Structures are given as structure tokens and as C-alpha cells.
Amino acid sequence: MIHKFITYKGVKIHYTTQGKGEAVVLLHGFLEDARMWTLTKKYLPKTFKIICIDLFGHGQSEGLGYIYHMEEMAEAVFAVINNERVKKIHLAGHSMGGYVSIAFAEKFPDALRSLSMIHSTSRPDSKSKRADRERAIALVKRDHKGFTAHAIPLLFSEKARKNNLASIETLKKRAAEIPAGQIAASLEGMKIRKDREAILHFAPYPILFIGGKTDTVISIADTEEQMAAHSVTGIWQNTAHMGPWEMPKKTADILKRFWKDSKHHVVLHAQKTRE
Ligand code: MLT
């Protein structure tokens, strides 16, 4: 694995690459970083070039401004793939990484071979979710460590918490290292993100939704409705919100199969448009 940096609009962006072949870009969720893919990557073949990016203010990347807009993070992802001289990617994002992925899909549709939304949504925050974000922003500014220690276990279901104690401790430690201002900037960005559901109905590339049967962060009903859209393949996993931690092999197997099948989808789509 190679660690690399680019400068995007004056800020440092860190990412890693490994393997050779069709490029896959993996985007982590809120309070995580590129290292969240370590377990999943063990089960992905070396015949893909896997690029894992630290989004603004996470891992070793710096942040841009006081609000981390999903669109701006998508631009930074594009800058990374340009730096790698890659034209088309399979893009997969976990939760907040999914919000960035679908913003990328809106801006750069021609750069996609496929899009995977892992425990994520194309829909914006509801009114009550926005109110939760406000409370979270106030809390993180008041008690940064308390906020991260409280927030991380909530990403796992009660049962998953018992089975993932070591992962939770690792995540808590990493999250506590993110400065409060940067956590607030991500929360602000997620709070004002746009509705991008229309993309699910018009995308010329295949889209995968991986839902967690006991996810309490992303609405199960919302996910089910989005899975019904044209171009979308929906798969339910026996996990809560943290599938790549809870079931890394299963997550990798689903993604692998989807990326392989996506070639077929493109052919079918090309035939359809010729008819
Ligand atoms: C994440 O895991 O990225 C966040 O929990 C997503 C969110 O808060 O909407």
C-alpha cells in the first residue's frame, strides 16, 4: 500500500493506493478515515486498483472552510483520480462517504463505472435530523471527547456492540483525534446536503445499495424505497450501520460481485440505447 498526498485548493488531501486494474475508490463515513477499509480490503482481489481517500478533516487530510460541503469533497475526490490519471472508477461510499459519492455522481457522471451506497442515502436530512445535527454541533463544541465517545457506539446495534468491542475502541480513539471544529464542519455539511434521489432514476451506470437490517442511523424504509429505483441493486446485510466493520468479508464479496456484474450492465445499457 502506498500513501500519497495532493494539494487541493491549498489543503492537503491524503489517500492510499494498492493493486493494479480497474480503479475502485472507497470513501469512509463520518468520524472515520481511510483505515476503515483495512478489513474489507483483505477480501478484495489485487486485480483492482483500490484508492482510499481521507475526506476533509478526517485521517491525515486537512479541511477546507467551516462547512465541509459534500460537493466540495466530491471535487477533491475528482482531483485525486486526476492525479492518478484514472478516467473511470467504481465508487463506493459508507454513509457520509455515500453522500459524497452521490454528489460526485451528479458532477462527474462520465467518470463512473458504478456507484455503491453502503448504509447511506441519496435523500437529504429530515427536519428532525437537522435538529439533531444542531444539538450534535453544540455538544461537540462543548465536550469534544464526550461527543465522540458517545457517538461511536451508537453506530453499532446493541448486539453488534458486544461483538465489536475492539473496533469500537479503535474508532473512538481515532475520532477523538479529530478537532471539534472539523467534526462540526462535517455535521454542517451533512445537514445542508441536497436531495439527489433523481440520480437513482436516470443513472446510465449501475448502482448498489447495501442496507443494514438493524441500522439505526439510516432509515430502513427510505433504503427500501431507494432500492426499488431503476438501475439499483439492493442487498440487505445482517448488520447495523457498520457493515464494513461488522461483516468485512460479506461486504467485500457483495462489492466484488457487483463490480464484476457491472460490466454486463454497461453492455445491456449500450444495447438498449442502440435499439
Ligand atoms: C456516518 O456514519 O457517516 C454518519 O453517521 C452519517 C450521518 O450522520 O448521517
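The structure under discussion appears in the preceding block.
Residues numbered from 1 in each chain as written. Predicted model: local features only at pLDDT ≥ 70, side-chain atom pairs only at ≥ 80, totals over all residues. Heavy atoms only, no water.

A. Examining the overall build of the protein more closely. Check the secondary structure of the protein and you find 12 helices and 8 strands. Taken over the C-alpha trace, the protein has a radius of gyration of 17 Å; the compact-globule value for 275 residues is 19 Å, and the two agree within 12%. Taken over 275 residues, the protein has a buried fraction of 53%. Within the protein, contacts between residues separated by at least 24 positions form 76% of all contacts whose residues are at least 6 apart in sequence. Here the protein carries 42 positive and 29 negative side-chain charges, and the mean point of each set is 5 Å from the other. (Helix = DSSP H or I, 4+ residues; strand = E, 2+ residues; numbered from the N terminus. Rg over C-alpha atoms; globule rule 2.2 N^0.38 Å. Buried < 20%, exposed > 50% of the residue type's maximum accessible area, 1.4 Å probe, protein only. Contact = heavy atoms within 4.5 Å. Lys, Arg positive; Asp, Glu negative; His and termini not counted. Charge placed at Lys NZ, Arg CZ, Asp CG, Glu CD.)

B. Up close: the site of the ligand. The environment of the ligand is made up of Gly-29, Phe-30, Ser-95, Met-96, Tyr-99, Lys-129, Arg-133, Leu-155, Met-190, Val-217 and His-241. Here an oxygen atom of the ligand and a side-chain polar atom of Tyr-99 are 2.6 Å apart. Against a free-state accessible area of 270 Å², the protein chains account for coverage of 95% of the ligand. For the shell around the ligand, the secondary structure elements donating two or more residues are α3 (96-107) and α4 (127-142). (Near = heavy atom within 4 Å. Polar contact = N/O pair within 3.5 Å; in protein donor to acceptor, adjacent residues only side chain to side chain. Areas by Shrake-Rupley, 256 points an atom, 1.4 Å probe, with all protein chains shown as cover.)

C. Layout of a nonpolar patch on the surface. On the surface, a cluster of nonpolar side chains totalling about 360 Å² of accessible area is made up of Tyr-66, Ile-67 and Ile-192. With respect to the secondary-structure elements, Ile-192 resides in the loop between α8 (180-191) and α9 (198-202). (Patch = residues over 30% accessible without salt bridge, like charges linked within 9 Å, V, L, I, M, F, W, Y side chains within 5 Å. Salt bridge = Lys/Arg side-chain N within 4 Å of Asp/Glu carboxyl O.)

D. Fine view of α4. Taking 1.5 Å of rise per residue, the 16 residues of α4 would be expected to cover 22 Å, and the 23 Å separating its terminal C-alpha atoms lies within 8% of that figure. Of the positions making up α4, those classed as buried are Arg-133, Ala-136, Ile-137 and Val-140. Axial view of α4: buried residues confined to an arc of 105°, hence all on one face. Opposite its buried face, α4 presents the exposed residues Lys-127, Ser-128, Arg-135 and Arg-142, each directed more than 90 degrees away. Where the residues of α4 are buried, they touch α3, α5 (144-154) and α8. (Expected span 1.5 Å × (residues − 1). Arc of directions from axis to C-beta.)

E. Spatial organisation of the sheet that holds strand β1 (residues 2-8). Sheet architecture is open: 8 strands sit in the order β1-β2-β4-β3-β5-β6-β7-β8, paired in mixed fashion. Both outer strands of the open sheet, β1 and β8 (232-237), are each paired with one neighbouring strand and no more. Recorded for the sheet is a direction-independent mean angle of 20° between the axes of neighbouring strands. Across 6 bridges, the pairing between strand β5 (residues 89-94) and strand β6 (residues 112-118) is parallel. Looking at β6, one finds that His-90 is bridged to Ser-114. In this fold helix α2 (residues 70-83) packs onto β1, β2 (11-18), β3 (22-27), β4 (48-53) and β5, with an angle of close to 120° to the strand it touches most, β1. (Pairing = 2+ DSSP bridges. Axes fitted to C-alpha atoms, helices over the stretch in contact; angles between N-to-C directions.)

F. Structural context of the packing of aromatic side chains. Summed over the entire model, instances satisfying the criterion amount to 6 aromatic pairs. Judged by centre distance (5.2 Å) and plane angle (65°), the ring pair of Phe-48 and Trp-259 falls under edge-to-face. Taken as a pair, Phe-48 in strand β4 and Trp-259 in helix α12 (residues 248-274) lie far apart in primary sequence, 211 residues in all. You'll find Phe-48 and Trp-259 in the same group, each marked buried. Relative to Phe-104, the ring of Phe-78 has its centre 6.2 Å away and its plane inclined at 55°; by these criteria the two rings are tilted. With Phe-78 in helix α2 and Phe-104 in helix α3, the pair connects residues that are 26 residues apart, well separated along the chain. You can call Phe-78 partly exposed: its relative accessible area is 25%. Its relative accessible area of 1% is what places Phe-104 among the buried residues. Positioned above the aromatic ring of Tyr-99 is the side chain of Arg-193, whose terminal nitrogen or guanidinium carbon lies 3.7 Å from the ring centre. (Phe/Tyr/Trp six-rings, centres within 6.5 Å; stacked < 30°, edge-to-face > 60°. Lys NZ or Arg CZ within 6 Å of the ring centre and 35° of its normal.)

The values are spatial; any link to function lies outside them.
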